[in-house]
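The primary structure of each chain is shown beneath.
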Amino acid sequence: MTSPDALAALHPRLPSPVQEAHDERFARRGVRLLLKRDDLIHPDLIGNKWRKLAPNLTAAHGRTLLTFGGAYSNHLRATAAAGRLLGVGTVGVVRGQELADRPLNPSLARCVADGMRLHFVDRSTYRRKTDPDSLAALLRTIGAEDAYVVPEGGSNSPAVRGCRALGEELRGQADVVAIACGTGGTLAGLAAGLGPGQRALGIPVLRGGFLTADIRHLQEAAFGGPRGDWHLDDRFHFGGYARTTPELDSFATDFEDRHGLPVERLYVAKMLYGLMALAEEGAFARGSTVAAVVTGRPFP
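Keep in mind that what you see is a predicted model, and the values were worked out from it rather than measured.

Q: What is the right way to look at helix α4 (residues 74-86) in this model?
A: An α-helical segment advances 3.6 residues per turn. Residues three or four places apart therefore align on the same side. With 13 residues, α4 ought to run about 18 Å at 1.5 Å a step, and its terminal C-alpha atoms sit 18 Å apart, in line with that. Of the positions making up α4, those classed as buried are His-75, Leu-76, Arg-77, Ala-78, Thr-79, Ala-80, Ala-81, Ala-82, Gly-83 and Leu-86. Against the buried residues of α4 lie α1 (4-8), α3 (48-60), β3 (65-69), β4 (90-95) and α5 (106-113). Put simply, Ser-73 is the residue that caps the front of α4, since its side-chain oxygen is 3.2 Å from the backbone nitrogen of His-75.

Rendered as structure tokens:
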């Protein structure tokens, strides 16, 4: 059984530290920038992955964890690492049947090295993974009918409630708290934990503009209704998930040089770039403080 004591034995660094980043691009607009270093919570279960997985590991009561992701999923890697650290079986359902006959990329190879059993499915089957009948058939095919199922990205009610602590840790420290969004679970919990007068800003890293409804649904399921003041800015996805541009890479490299922070490109860089652009637009009032949640670090 995965108990809270077993998780505590992994020695997570909570609350994660908050560091001030002195950056003239924000300072000249009268904005103070803080970095909420969730990437320092744990060397293997970094950032929001700890906050989302810990409550699910407790709820699983030692059962095998089955979850979903693409070929470069941070969530799959974190789930596999959790299984290794806690002695829990893990299964990863990977989008893309064509990948089954190819050499594993470094991300999936890490999952296998950590003991995760991979099962590749075609994209049509993957799209139907939340349909109860389709999921039941998939679990039978894999031989994992008794597994504890965690959704793609780890965003479910236990995870959202776990992420509420992130907002609570930042109460009174910033006017705006920004975070990169994949499935929206971390933002849903973060907004619920912030105090009066604080607002959460989500920077989606996928195209499509679908997250608003998803976050509302997650808050409804986790808390019974909407919580906190939050909004999304969809302009900084740089083409969609797992996509970058030379401009984004140049910005991330410059930020690393300025602040000594390893900048993960698919999530964190897009969020930081969005904050810089918003500051230049005058979106933050002079005298305000913005906290940027660093949810991960570069891999490998």
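Q: Could you clarify how one ought to interpret the sheet that holds strand β2 (residues 32-36) in this entry?
A: The strands making up a sheet associate through backbone hydrogen bonding, with each pair oriented either parallel or antiparallel. Across the sheet, six strands lie side by side as β1-β2-β10-β7-β8-β9; this open sheet has mixed pairing. Here the strands that pair on one side only, and so sit at the sheet edges, are β1 (18-21) and β9 (230-232). Pairwise comparison of adjacent strand axes, ignoring direction, gives a mean angle of 25 degrees for this sheet. Along the sheet, helix α10 (residues 211-223) contacts β7 (176-181), β8 (199-204) and β9; its crossing angle with β9, the most-contacted strand, is approximately 150 degrees.

Q: Even after reading the chapter, I still don't get the sheet that holds β4, so can you show me in this structure?
A: The strand order β5-β4-β3-β6 describes an open sheet built from four strands, whose pairing is parallel. Edge positions in the open sheet fall to β5 (117-121) and β6 (148-149), since each of these has one partner strand only. Where β3 lies against β4, five bridges are found, and the strand directions are parallel. Paired with Leu-65 across the strands is Thr-90, a residue of β4.

Q: Help me out: how do you make sense of the pattern of salt bridges in this one?
A: One side chain can pair with another of opposite charge once the charged atoms of both are near each other. With the rule as written, the count across this model stands at 21 salt bridges. A salt bridge links Arg-32 to Glu-20, with the nearest nitrogen and oxygen atoms 3.0 Å apart. Note that Arg-32 is positioned in strand β2 and Glu-20 in strand β1, a separation of twelve residues in sequence. Overall, Arg-32 belongs to the partly exposed group, its relative accessible area being 38%. Judged by its relative accessible area of 38%, Glu-20 falls in the partly exposed class. A salt bridge links Glu-280 to Arg-28, with the shortest nitrogen-to-oxygen separation between them at 2.7 Å. With Glu-280 in helix α12 (residues 268-280) and Arg-28 in the loop between α2 (24-27) and β2, this residue pair connects regions lying 252 residues apart in the sequence.

Q: Even after reading the chapter, I still don't get the packing of aromatic side chains, so can you show me in this structure?
A: Both the distance between ring centres and the angle between the ring planes are used here to describe each pair of aromatic rings. Tallied over the entire structure, the rule returns six aromatic pairs. When the centroid spacing of 5.9 Å and the interplanar angle of 70 degrees are considered together, the rings of Tyr-241 and Tyr-267 count as edge-to-face. One end of the pair, Tyr-241, is in the loop between β9 and α11 (246-259); the other, Tyr-267, is in the loop between α11 and α12, with 26 residues separating them in the sequence. Of the residues examined, Tyr-241 reaches a relative accessible area of 27% and is grouped as partly exposed. Relative accessible area serves as the criterion here: at 16%, Tyr-267 is assigned to the buried category. Ring pairing ties together the aromatic residues Phe-236, Phe-238, Phe-251, Phe-255 and Tyr-273, which thus form one cluster. Above the ring of Phe-299, the side-chain terminus of Arg-77 is found at 3.8 Å from the ring centroid. Positioned over the ring face of Tyr-126 is Arg-95, at 5.3 Å from the centre of the ring.

Q: What is the right way to read helix α7 (residues 132-142) from this model?
A: Residues Leu-135, Leu-138, Leu-139 and Ile-142 constitute the buried set of α7. Seen along its axis, α7 keeps its buried residues to an arc of 100 degrees; they face one direction. For α7, exposure combined with an orientation more than 90 degrees from the buried face picks out Asp-133, Arg-140 and Thr-141. Here the buried face of α7 lies against β3, β4, β5 and β6. Of the residues trailing α7, Gly-143 is marked for its positive phi of about 80 degrees.

Q: Would you take a moment to explain the packing of α4 against α5 for this structure?
A: What describes two packed helices is the angle between their axes and the distance between those same axes. Two elements in contact, α4 and α5, have axes separated by 8 Å at closest approach and are oriented at 20 degrees. Comparing the axis directions of α4 and α5 gives the class roughly parallel. As for the relative orientation of α4 and α5, their crossing is left-handed in sense. Note on element contacts: α5 touches α4 through Ser-107, Leu-108, Arg-110 and Cys-111, opposite Leu-76, Arg-77 and Ala-80. Among the residues forming the contact of α4 with α5, the class breakdown is four nonpolar, one polar and two charged.

Q: Could you clarify how one ought to interpret the nonpolar core in this entry?
A: Soluble, globular proteins show a tendency: their nonpolar side chains are buried together. In terms of nonpolar packing, the biggest core is built from 35 residues, with Met-271, Leu-272, Leu-275 and Phe-284 touching the most fellow members. In terms of residue count, α12 provides more of this core than any other element does, ten residues in total. Sequence-distant contacts of Leu-272, that is, excluding residues within four places in its chain, are made with Leu-35, Phe-251, Phe-255, Val-263 and Ala-292. Formed by 24 residues, the second largest nonpolar core is a distinct cluster that contains Leu-34, Ile-179, Ala-188 and Leu-218.

Cut-offs and rules
- Residues numbered from 1 in each chain as written.
- Predicted model: local features only at pLDDT ≥ 70, side-chain atom pairs only at ≥ 80, totals over all residues.
- Heavy atoms only, no water.
- Helix = DSSP H or I, 4+ residues; strand = E, 2+ residues; numbered from the N terminus.
- Expected span 1.5 Å × (residues − 1).
- Buried < 20%, exposed > 50% of the residue type's maximum accessible area, 1.4 Å probe, protein only.
- Contact = heavy atoms within 4.5 Å.
- Polar contact = N/O pair within 3.5 Å; in protein donor to acceptor, adjacent residues only side chain to side chain.
- Pairing = 2+ DSSP bridges.
- Axes fitted to C-alpha atoms, helices over the stretch in contact; angles between N-to-C directions.
- Salt bridge = Lys/Arg side-chain N within 4 Å of Asp/Glu carboxyl O.
- Phe/Tyr/Trp six-rings, centres within 6.5 Å; stacked < 30°, edge-to-face > 60°.
- Lys NZ or Arg CZ within 6 Å of the ring centre and 35° of its normal.
- Arc of directions from axis to C-beta.
- Parallel < 35°, antiparallel > 145°, perpendicular 65-115°, else oblique.
- Left-handed = near helix turned anticlockwise from the far one by under 90°.
- Nonpolar A, V, L, I, M, F, W, Y, C, P; charged D, E, K, R; others polar.
- Core = buried A, V, L, I, M, F, W, Y, C linked by side-chain atoms within 4.5 Å.

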